[in-house]
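For reference, the chains in residue letters:
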Amino acid sequence: MLQSQLQSIVEKFAVSATVSTIRPLGSGLINDTYLVVTEEKDQPDYVLQRINHEVFPDVDMVMRNIAIVTRHIRERLIAQGETDLRHHVLEFLPTVEDANRLYAEVDGHYWRLMVFIDHAVTKQEVNPESAHAAGQSFGHFQAMLADVPCQLGETIKDFHNMEFRIEACVEDRAGRFDEPAVQELLEQLGNRAEAMTEAERLGREGKLPKRVCHCDTKVNNMLFSEDGSEVLCVIDLDTVMPSFIFSDYGDFLRTAASTAAEDEPDFSKIQFRQDVFQAFTKGYLASARSFLTPLEIQMLPYAVVLFPYMQSVRFLWDYLNGDGYWKVQYPTHNLVRAQNQFELVKRVEEAMPAIKAFFNSQLN
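Predicted model only: the values in this text are computed from it and were never measured.

Reading the values: rules and limits
- Residues numbered from 1 in each chain as written.
- Predicted model: local features only at pLDDT ≥ 70, side-chain atom pairs only at ≥ 80, totals over all residues.
- Heavy atoms only, no water.
- Core = buried A, V, L, I, M, F, W, Y, C linked by side-chain atoms within 4.5 Å.
- Buried < 20%, exposed > 50% of the residue type's maximum accessible area, 1.4 Å probe, protein only.
- Helix = DSSP H or I, 4+ residues; strand = E, 2+ residues; numbered from the N terminus.
- Contact = heavy atoms within 4.5 Å.
- Pairing = 2+ DSSP bridges.
- Arc of directions from axis to C-beta.
- Axes fitted to C-alpha atoms, helices over the stretch in contact; angles between N-to-C directions.

(A) The arrangement of the nonpolar core in detail. Membership of the largest hydrophobic core comes to 104 residues, with the highest contact counts inside it found for Met 63, Phe 246, Tyr 249, Phe 277, Leu 316 and Ile 355. The element contributing the most residues to this core is helix H10 (residues 300-320), with 14 residues. In contact with Phe 277, not counting residues within four places along its chain, are Tyr 249, Leu 253, Phe 272, Val 304, Ile 355, Phe 358 and Phe 359. Counting residues in each nonpolar core, the second largest holds 16 residues, with Leu 6, Phe 13, Val 19 and Leu 113 among its members.

Okay, here's the thing in C-alpha cells:
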C-alpha cells in the first residue's frame, strides 16, 4: 500500500506522536503488518496490522477478547509490582472516534494499532531450553487469566472441538472418499474416535472446565529479551478463546516434539522428542499447576496424542473437500499431511509409557 494510504489509517487511531515512516514488518501468513516509526525519541513506535477477516470473520469479537485479556494481564502485573508494562503485555490504541474501540474499518478492511515492543526478539528454533521457556510462559499466561470474570467468545467456532472435527470429516466434496489410502486412514482414526473425544464428554458432565487459552502455542509467539535470557510476553492473541487447557499444552508438543515437518512424506523420519516434551512439561507444570484441577493434570498425557490426532483429522477433512483451507503443492499434499500426523499419533502412543512415567516423577 502507499505511504499516504497507510498514514491515513494510522490517523484514525489516538496517536500522539509524529509518524516518520511506515514499512512492512515480518512475513506473517495471516495478517498484513507494518512498522510505524515515529520522530519523537520519547514516543514509542507502533505496529499497524490488517486483520484477516476471512480467517477471523467476527473482528469485533477478536478485539473484545484481546481487550479483556490484555487488560486483565496488565492489572495482574501491576498488582505484582511490575513497572515495565510496555514490554510485558501488548497495548492496543483506541480509535479517535471511539475510545472503547480498538480497530478501524477502512474500505471493507479492518485495522488495529499497537505499541511496538522494542529491544525484543522472537525465536524459531525448538530445543529443550526454548521448550522449557515456552512451557513456563504459556502456563503463566493461562495462570494469569484463570480468574478472568468475563466469558470470551470463540473467534474460530469449534476450533479445537474434536467431536465437531470428526463429524465434519464425513463430507466428500472432492470425490476422494473411496480411495484406499483414505479408507485405511479413516478406519484407524475411527478406532480411536471414542477415546479422542473424551474431553467433550467430560466437559458436558461438568467435570472438565474451559479456560482462557492462547490456542496457537508456538515458540515464535513469544517475545524474548534481546539476549534471549527472558521471555517478555506472549503475542499473537487473535485465537485467544475459551478451550480446554489441552489446547495450549498439546498443540505446542504436536509441532515442537516431532522430528519432522507436518508434511514430511518419509514417515520413517517422524519420531517423538522426549527431551522437548520433558522440558516443556517441566516449564508448564511449574507455572500452571497452581490452578489446574487434578483431572486436568491427570489428562495432560491425553493431550499429547490428541493434537496430532486432531490435525490428522483436519488435514483429511481438507483433502476430502478439495483442499480449500491449506495451500497444497501437489494433489495428495493434504493426504500426506494427514498420514504424517497419524504416524506421529502412533509414535506418541508408543512413547506413552515413558510419558506417563515422566508425569508421575514430576507429580510425586
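There's more to say after this.
(B) Seen up close, unusual backbone geometry. We note that Cys 215 has phi near 70 degrees; this positive angle belongs to a residue other than glycine. Notably, Asp 323 is not glycine yet its phi reads approximately 60 degrees, a positive angle. Following the sequence through the fold, Asp 323 ends up in the loop between H10 and helix H11 (333-363). For Asp 323, a relative accessible area of 15% puts it in the buried group.

(C) Quick look at the pairing of strand E9 (residues 231-234). Here strand E8 (residues 222-225) runs beside E9; their pairing, made up of three bridges, is antiparallel. Considered in E9, the bridge of Leu 223 is made with Cys 233. Between E8 and E9, which pair antiparallel and follow one another directly, the connecting turn spans five residues, one of which, Gly 228, has a positive phi of 75 degrees.

(D) Summary view of helix H1 (residues 3-10). Within H1, burial applies to Leu 6, Ile 9 and Val 10. Taken around the axis of H1, the buried residues stretch over an arc of 100 degrees, which confines them to a single face. If you follow the buried residues of H1, they end up packed against strand E1 (19-24), strand E2 (32-38), strand E3 (46-51), strand E4 (104-106) and strand E5 (109-115).

(E) Main features of the sheet that holds E3. Pairing in this open sheet of five strands is antiparallel, and the strands run E1-E2-E3-E5-E4 from one edge to the other. Each edge of the sheet is formed by a strand with only one pairing partner; in this case those strands are E1 and E4. Averaged over all pairs of adjacent strands, the angle between their axes in this sheet comes to 30 degrees, without regard to strand direction. Here E2 runs beside E3; their pairing, made up of five bridges, is antiparallel. Bridge pairing links Val 36 to Tyr 46 in E3. Relative to E1, H1 is tilted by about 115 degrees, and along the sheet it contacts E1, E2, E3, E4 and E5. Running at roughly 15 degrees to E5, helix H2 (residues 59-79) makes contact with E3 and E5 of the sheet.

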